[in-house]
Amino acid sequence: MPDFKTVFWSFLVGGTVLAGLSSFAARAADVDQDVMNRGAYLATAADCIACHTKPGGIPFAGGLKIATPMGDIISTNITPDADHGIGKYSEHDFEQALRKGKRRDGANLYPVMPYVSYAALTDQDVHALYVWFMNGVKPVAQTPPATQLSFPSNIRLTLSGWNMLAGTETQETGDSASYDKMRRGRYLAIALEHCGTCHTPRNVMLMEKSDQYLAGSPLSGWYAPNITPSKTGGIGDWSEDDLVQYLHTGRVKGRSQAAGPMGEAVEHSTSHLTDADLHALAAFVLQVKAIDDASDTQPRDGFGKANDIPDLRSGELTRIDNLSQKSPENLFDANCAACHGQNGAGTVDQYAPSLYKNSVVGAGRPDNLIMTILTGVNRKTADGHASMPAFGSTSDVQRLDDAEVASLVNYVSKTFGSGTYTVTADQVTKVRKDHTPH
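Rules and cut-offs
- Residues numbered from 1 in each chain as written.
- Predicted model: local features only at pLDDT ≥ 70, side-chain atom pairs only at ≥ 80, totals over all residues.
- Heavy atoms only, no water.
- Axes fitted to C-alpha atoms, helices over the stretch in contact; angles between N-to-C directions.
- Helix = DSSP H or I, 4+ residues; strand = E, 2+ residues; numbered from the N terminus.
- Parallel < 35°, antiparallel > 145°, perpendicular 65-115°, else oblique.
- Left-handed = near helix turned anticlockwise from the far one by under 90°.
- Contact = heavy atoms within 4.5 Å.
- Patch = residues over 30% accessible without salt bridge, like charges linked within 9 Å, V, L, I, M, F, W, Y side chains within 5 Å.
- Areas by Shrake-Rupley, 256 points an atom, 1.4 Å probe, with all protein chains shown as cover.
- Salt bridge = Lys/Arg side-chain N within 4 Å of Asp/Glu carboxyl O.
- Buried < 20%, exposed > 50% of the residue type's maximum accessible area, 1.4 Å probe, protein only.
- Core = buried A, V, L, I, M, F, W, Y, C linked by side-chain atoms within 4.5 Å.

### Regarding the packing of helix α10 (residues 240-249) against helix α12 (residues 275-285)
Look at α10 against α12: their axes get within 9 Å of each other, and the N-to-C directions meet at 120°. The orientation of α10 relative to α12 falls into the category oblique. Judged by the sense of rotation from one axis to the other, the crossing of α10 with α12 is right-handed. Across the interface between the two elements, Glu240, Asp241, Leu243, Val244, Leu247 and His248 of α10 pack against Asp275, Leu278, His279, Leu281, Ala282, Ala283 and Val285 of α12.

Pasting the structure below:
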């Protein structure tokens, strides 16, 4: 039988946990549900969960390593736990963090937190977000490891100068839910979805180039493409309905499929927006200044056709211990053709998409094709689960080395895309390094 001390401590701990959960439930029931619902929707639109949840972790408990040129920044716990999260934040403290990048203790936040964009949030929306985070998010007693950057990046005071030079978006006013379509779209793109954080190139000071809004930028091994309405470099050949479908499902037949960070944004954020908001967002993006891209001479999704090539399979099995370098054709046949087809047409329902008329394969830069091969696709929406196995170092199917990935990328580009890639093994090595937290 357990002794008295064991029973006592079990009762005490269990009682404390139950009391905490009861208190959480009571707080949630005590506030205006319309404000709570608004806050929950805004947090989804702002995609807070993407950065503040590590893979396999508890929502909003932090711990995600975010690779930056300064080093890895580890996201913080933003649950309402008083000791490990933001439970002691007043609404003023919360607003200062959201709009000005200031912690409760006055220290500067690193600008991977998109406070430059969140500065445009209305007072009403900041209030709704605060109410929801404090009453609708479960407290988690877990402190992620602290960010450890080398000098001088570890001196947060230096960010005061960066903030002065970078500036912030202008705060919006009024009820954002009542804005007309174009104003609502701008608000979603700039203040909430913060599209420019990934899709706008940055200068040597890592500040967004305001005159190149949404013109494309490198992103941890990936490349957030030009999404201006340029007819060659961007998505000027897309309709509003095309972009709405992409944001809602993560794919548009004959155009593109979302993977990597964009796949996460679709899964956790844009797929949950209302139809009206999706149309507003799409309409705004399609009317920003068109910026051509020197690496793209025609629409990315305008290349290629089905490839009429003979079946390379001879009926002879390949020994697993045969380490000789495979030809590009054999690499494609062994790793891609089973799903995408020998001719690259994909499956009938396009679950495995066509490799021609595909913006990843037709892009002037090879980054996203390399990363898709290395990391695969794993995107879940109401439209279904899109999955492609990875062929990188953690692959469960086939681990390709850098030379094999380079050979495969060049073959796919030559056969189904622009044919302009001359990717080397060293380039693949660099992409792997840029993607992997250090």
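Moving on, there is more to tell.
### A word on a nonpolar patch on the surface
A contiguous nonpolar patch, built from Phe151, Ile155 and Leu157 and spanning about 360 Å² of accessible area, is present on the exposed surface. Tracing the sequence through the fold places Leu157 in the loop between α6 (123-135) and α7 (159-166). Assessed through its relative accessible area of 66%, Leu157 is described here as exposed.

### Quick word on the pattern of salt bridges
In the structure shown here, the tally under the stated rule is 19 salt bridges. Note that Asp105 and Arg103 form a salt bridge whose closest N and O atoms lie 2.8 Å from each other. What makes Arg103 partly exposed here is its relative accessible area of 30%. One salt-bridge network, in which partners are shared between bridges, spans Asp237, Asp242, Arg255 and Asp301.

### Observations regarding α12
With nine of eleven residues buried, α12 lies mostly within the body of the structure. Turning to α12, its buried residues are Asp277, Leu278, His279, Ala280, Leu281, Ala282, Ala283, Phe284 and Val285.

### A closer look at the nonpolar core
Core analysis: the biggest nonpolar cluster contains 63 residues, and Leu121 and Phe133 have the highest contact counts within it. Within the residue set of this core, elements represented by two or more residues are α2 (33-45), α4 (91-100), α5 (115-118), α6, α7, α8 (181-192), α10 and α12. Ranked by residue count, the leading element in this core is α6, at eight residues. With sequence-adjacent residues up to four places away left out, Phe133 is seen in contact with Ala43, Cys48, Phe60, Ile78, Pro80 and Phe94. The next biggest cluster of nonpolar side chains, apart from the first, holds 32 residues, and it includes Cys336, Val361, Ile373 and Ala406.

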